[in-house]
Amino acid sequence: MAAVDTKEVGAKVEGQEEEQVVNPWEVSAKDGGKIDYDKLIDRFGCQRLDQSLVQRVERLTSRPAHVFLRRGVFFAHRDFNDILDAYERGDKFYLYTGRGPSSEALHLGHLIPFMFTKYLQEAFKVPLVIQLTDDEKFLWKNLTVEETQRLARENAKDIIACGFDISKTFIFSDFDFVGGAFYKNMVKVAKKVTYNQAVGIFGFTGEDHIGKVSFPPVQAVPSFPSSFPHLFSGKDNLRCLIPCAIDQDPYFRMTRDVAPRIGYHKPALIESSFFPALQGENGKMSASDPNSAIYVTDSAKDIKNKVNRYAFSGGQDSVEKHRQLGANLEVDIPIKYLSFFLDNDDELEHIKKEYGAGRMLTGEVKQRLILVLTELVERHRRARASVTEEMVDAFMAVRPLPHMFD
């Protein structure tokens, strides 16, 4: 077996595992603290996404960078510069992202990769594959096969509602699609990763059933164009860019280590930070606590109630004190949420300046956030209501996409 690229698979750093755990199934920091993204970048071995890359994207696409790019929501990458080099030379690429369907309704954090991927698809005019890992959720959660398949279709409706171009987008569920060329690539990947490497990357233990240990190749191989012969036949050299949250990085460290050993380009990644819970920045939101997140099914009344009651404020505990000291913007959740979803840079800067100086009160900031979120959720709700079962079938049909690079 060829030597392993430890930079890709990720050598463990002594003592850091206790400080914070970030993997596809768990995100937590010591004593409920904040995730330290600088440490995460060092530990995972990815790069910071700097301003020069953002400016380069604007230049190559002739449009302003997405708000998530401008404000550092997508903050880390692997080989994104190589994708841009190839694109500048006239070589196309394709996008790959996904969703593990374990719940009926998505929260705003789930929408972030899809909102950003839609921008990338439009800006670069490239095709996209979206994987629904219903098999993963059957293996990890207390769900039946049939239930995960049903949830996959329900989640597909929310994804389609984000506005993807059907002439450039293929959505598939693993239970329906895995086989043929896709399965051949899975087996090629599986043969190149030892059990010890899998334990080192994913933290599997002797108590984990073998279904979990066998899953990573399923998420790895959409990175390879030959997994989709109906789309990319004869285009085995096509590069892949994966927009995702940084907790998915372990899958693609493994993939990037294996790719050149089985004749493929390493997939490039562009990775986001976590969307904070309403109660504060301590990792991911909890599906078991509906008040920790804003869901796309929430009514205007729900949103108002959740923001007013649960959104952690960096404001002072009395008006006098607040006028004197101003708000702590570092911990203020309404400000964090506005920096994700308020498009206007000037308005955001104005709010931060006034609120930080104590001239604006928490209630006013929350009021602005309630308006922004209500509009966003209502727009999504209307779009989702227009997604029919036939539309889901059309996006998931195995078909060529003759205009995918137009």
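With an unreviewed UniProt entry as reference, the protein is termed Tryptophan--tRNA ligase, cytoplasmic, source organism Crotalaria pallida. UniProt annotates the protein under Sequence similarities (unreviewed entry) with the comment "Belongs to the class-I aminoacyl-tRNA synthetase family."

S.K.: Got a sec to walk through helix α19 (residues 333–341)? Specific residues and values, please.
M.R.: Residues lying three or four places apart along an α-helix face the same way, a consequence of the helix completing one turn every 3.6 residues. Within α19, nine of the nine residues are buried, which leaves the element mostly enclosed by the surrounding structure. The complete set of buried residues in α19 reads Ile 333, Pro 334, Ile 335, Lys 336, Tyr 337, Leu 338, Ser 339, Phe 340 and Phe 341. Buried residues along α19 sit against α5 (67–70), α7 (108–124), α20 (345–356) and α21 (362–385). Of the residues flanking the start of α19, the one acting as N-cap is Asp 332, its side-chain oxygen 3.0 Å from the backbone nitrogen of Ile 335.

S.K.: Tell me about the nonpolar core, and please be specific about residues and values.
M.R.: Ranked by size, the top nonpolar core spans 77 residues in total, and within it Leu 69 and Phe 341 carry the most contacts. Sorting elements by how many residues they give to this core places α7 first, with nine residues. Core analysis: the second largest hydrophobic core is formed by 37 residues, Phe 224, Leu 238, Cys 240 and Leu 269 among them.

S.K.: So, the environment of Tyr 183: which residues are in play, and what are the values?
M.R.: Relative to the assigned elements, Tyr 183 resides in helix α11 (residues 180–192). On the basis of relative accessible area, Tyr 183 is assigned to the partly exposed category, the value being 46%. Between the alpha carbons of Tyr 183 and Trp 25 there is a distance of 24 Å; along the sequence they are 158 residues apart.

Reading the values: rules and limits
- Residues numbered from 1 in each chain as written.
- Predicted model: local features only at pLDDT ≥ 70, side-chain atom pairs only at ≥ 80, totals over all residues.
- Heavy atoms only, no water.
- UniProt positions renumbered as here; feature names shortened; annotations may be inferred.
- Buried < 20%, exposed > 50% of the residue type's maximum accessible area, 1.4 Å probe, protein only.
- Helix = DSSP H or I, 4+ residues; strand = E, 2+ residues; numbered from the N terminus.
- Contact = heavy atoms within 4.5 Å.
- Polar contact = N/O pair within 3.5 Å; in protein donor to acceptor, adjacent residues only side chain to side chain.
- Core = buried A, V, L, I, M, F, W, Y, C linked by side-chain atoms within 4.5 Å.

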